[in-house]
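Read off the chains here:
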Amino acid sequence: MTTRRARPAPRPPAGTPAPAELARQARAVLADAVRIARWAADGAGPGAVPLADRALERAAAAMELSPAQVRAGWDRARLAGLIELHGDTARPGWRLRAWNRDDSAVLRGWVALFDAWSLVHSSPEGIEATAVAEAVEAVPQVLSLLQLSAGPVSVPALLDLLAQRVAELHEERCEVPYGPQARPAPATETSADLNALLLDWALEGLAAVGALTLGSGHATLTPLGNWAVWVKLEQICVAAQSPAGNIEQSAADMLLGCARLTPGPARAEYRAWLAARPVGSAVAELLAVARGEDALLRGLAFEALRVVGAPAEPVVRSVVTEAPLRPYALLWLAEYEGADPDDAQDVLSREEATWLWVDTAAAVADHGESGLLVRHLDSAVQGTVPALLDEVRAVGHPRTVQVLVALAAAHPDPALAKAVRRAAFQVHTGGA
């Protein structure tokens, strides 16, 4: 027998302040956000959130801030997990409750804001979303250079790295035109100007969350930014030693590898897989899997997106209009906005809840045991099997027949199984 030695706890780079000092700096960055979160959560504006015009004016007057500062602080409070929304009512998040006594909660809140820097600072107008997404994907390399340099780095050097990474992204996506082409030309002045504009936007956004400081023609990571980039790099190193071995797998294979793990280890695998990839491409890959035919992978993809958190919110919100993804996206958004997971189902209409029941039953039928499928009956919102069958027939899920046939085969009650088989036949033949 051999004993596996635990990996020693990594040490941050020399000169990194102690966690207590880093937390003090994070509290300073988020001071306005904390004030606004406490104002909104202490009943000063019951039943309204500071983004509503009247509440915005009250918040600005109470804290002697401009409306723009209140809006910015409100956005930061939500991204950092300081505030939760339950309908139109703002409630304190757990990090706000722990803010004065728990340094680790403060640092996690700031890292959540750091991860969402591109949401804090609006992208330049008139630029295609694809170009913005490429810049966001290239920023980790820019941050790595700043961290490795351990001091100021000139903007031209950062621009060269950004342009190189964007070109690599084009090559990875095989963006090669078809047909006869003229001799390739070097990067145009237009693309160089675009990269410069996007770099300025990224640096300003990172400076806005306290990750770096900008000087005359150069940028420098703050102690907080230096520590955060080191943490991200360390996560990648840990991810390479992922115990379940999913780090190099595609999203679909990774999710299948996590299917039989309990929630805690599964989330650890999701984090490891995500840490090794740019967040934009990782979210896109997970959503591509969710759009597939495997219902189990659809549910697991949204579980992995819960680990992504704030950076995934705009993309998840954009798929609410896609019928197969809508129930999952609505539940994700409800929990992201502070709803208790047990209450999140309330955001679904009866039809959406029924569609989700069929989709989940399809996942169980494909990958689970017959006993699980029978127990799944108890989770239906209808309350009775006849009502469930009526609404399942009407909802139009493409897997309805297979689910009903599998349920009829698994259920021990002959009379109920017969009714379910009849419903399956009616759906199959289009009968009433």
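Residues numbered from 1 in each chain as written. Predicted model: local features only at pLDDT ≥ 70, side-chain atom pairs only at ≥ 80, totals over all residues. Heavy atoms only, no water.

Undergrad: Explain the overall build of the protein chain to me, please; I cannot follow it from the model alone.
TA: Tallying secondary structure elements over the protein chain gives 22 helices and five strands in all. Per-residue burial over the protein chain gives 42% buried out of 432 residues. Sequence separation of 24 or more characterises 64% of the internal contacts of the protein chain that already satisfy a separation of 6 or more. Summed over all atoms, the accessible surface of the protein chain reaches about 22,500 Å², with 55% contributed by carbon and sulfur. (Helix = DSSP H or I, 4+ residues; strand = E, 2+ residues; numbered from the N terminus. Buried < 20%, exposed > 50% of the residue type's maximum accessible area, 1.4 Å probe, protein only. Contact = heavy atoms within 4.5 Å. Areas by Shrake-Rupley, 256 points an atom, 1.4 Å probe, with all protein chains shown as cover.)

Undergrad: Help me understand helix α6 (residues 103-115), please; the structure alone is not making it clear to me.
TA: Side chains of residues three or four places apart in an α-helix project in the same direction, reflecting 3.6 residues per turn. Compared with an ideal rise of 1.5 Å per residue, which puts 13 residues at 18 Å, α6 spans 18 Å between its outermost C-alpha atoms and is within 8% of the ideal. Of all the residues in α6, the buried ones are Ala105, Val106, Leu107, Gly109, Trp110, Val111, Ala112, Leu113 and Phe114. (Expected span 1.5 Å × (residues − 1).)

Undergrad: Is there a simple way to think about helix α8 (residues 129-149) in this case?
TA: The end-to-end C-alpha distance of α8, which contains 21 residues, comes to 30 Å, matching closely the 30 Å that a straight helix rising 1.5 Å per residue would cover. If you look at α8, its biggest bend is around 35 degrees, right at Ala138, and the proline Pro140 turns up within four residues after that. Just beyond α8, the residue with positive phi is Ala150, at close to 50 degrees. (Bend = angle between axes of the 7 residues up to and from the residue.)

Undergrad: What's the story with the nonpolar core in this structure? I'm lost.
TA: Across soluble globular proteins, nonpolar side chains have a tendency to be buried as a group. The biggest cluster of nonpolar side chains holds 63 residues, and the ones touching the most others in it are Leu82, Trp110 and Leu146. Top contributing element to this core by residue count: α8, with nine residues. Leaving out residues up to four positions away in the same chain, Trp110 has contacts with Ala26, Val29, Leu30, Val209, Gly210, Ala211, Leu224, Gly225 and Ala228. The next biggest cluster of nonpolar side chains, apart from the first, holds 61 residues, and it includes Leu255, Ala301, Ala353 and Val358. (Core = buried A, V, L, I, M, F, W, Y, C linked by side-chain atoms within 4.5 Å.)

Undergrad: What exactly am I supposed to notice about the sheet that holds strand β4 (residues 212-214) here?
TA: If you trace the three strands from one edge of the open sheet to the other, you get β3-β5-β4, paired in antiparallel fashion. Each of the sheet's edge strands pairs with one partner strand only, and the pair in question is β3 (153-154) and β4. When β4 meets strand β5 (residues 218-221), the two strands line up antiparallel, connected through three bridges. Paired with Leu214 across the strands is Ala219, a residue of β5. (Pairing = 2+ DSSP bridges.)

Undergrad: Would you explain the confidence of the model for the protein chain in this entry?
TA: Close inspection of predicted coordinates is inappropriate in any region flagged by low pLDDT. In this model, the protein chain carries an average pLDDT of 80, and 85% of its residues clear a pLDDT of 70 or more. Of all helices and strands in the protein chain, the one with the weakest mean pLDDT is strand β1 (residues 83-86) (68), whereas helix α1 (residues 19-29) scores best (93). Within the model, the stretch residues 1-7 combines pLDDT values under 50 with four contacts to residues more than four positions away or in other chains. Low pLDDT (under 50) marks residues 175-189, which in the prediction has two contacts with non-local residues, meaning those over four places away or in another chain. (pLDDT = per-residue confidence, 0-100.)

Undergrad: I tried to follow the packing of helix α14 (residues 279-290) against helix α15 (residues 295-308) on my own but got confused; where do I start?
TA: Between two packed helices, what matters for the description is the angle formed by their axes and the separation of those axes. Running from N to C, α14 and α15 cross one another at 160 degrees; their axes reach a closest spacing of 8 Å. By the angle between their axes, α14 is roughly antiparallel relative to α15. Viewed along their axes, α14 and α15 form a crossing whose handedness is left-handed. Residues Val279, Val283, Leu286, Leu287, Val289 and Ala290 of α14 lie in contact with α15, whose contacting residues are Leu297, Arg298, Ala301, Phe302, Ala304, Leu305 and Val308. Here the residues of the contact of α14 with α15 are counted per class, giving 12 nonpolar, no polar and one charged. (Axes fitted to C-alpha atoms, helices over the stretch in contact; angles between N-to-C directions. Parallel < 35°, antiparallel > 145°, perpendicular 65-115°, else oblique. Left-handed = near helix turned anticlockwise from the far one by under 90°. Nonpolar A, V, L, I, M, F, W, Y, C, P; charged D, E, K, R; others polar.)

Undergrad: Would you take a moment to explain the packing of aromatic side chains for this structure?
TA: Pairs of aromatic rings are described using the distance from one ring centre to the other and the angle between the two planes. All chains considered together, the criterion is met by four aromatic pairs. On the basis of an interplanar angle of 15 degrees and a centroid distance of 5.4 Å, the ring pair of Trp110 and Phe114 is categorised as stacked. With a gap of four residues between them, Trp110 and Phe114 both fall in helix α6, about one helical turn apart. Its relative accessible area of 0% is what places Trp110 among the buried residues. Among the residues examined, Phe114 registers a relative accessible area of 5% and is labelled buried. For the pair Trp332 and Tyr336, a centre-to-centre distance of 5.3 Å together with 15 degrees between the ring planes defines the contact as stacked. (Phe/Tyr/Trp six-rings, centres within 6.5 Å; stacked < 30°, edge-to-face > 60°.)

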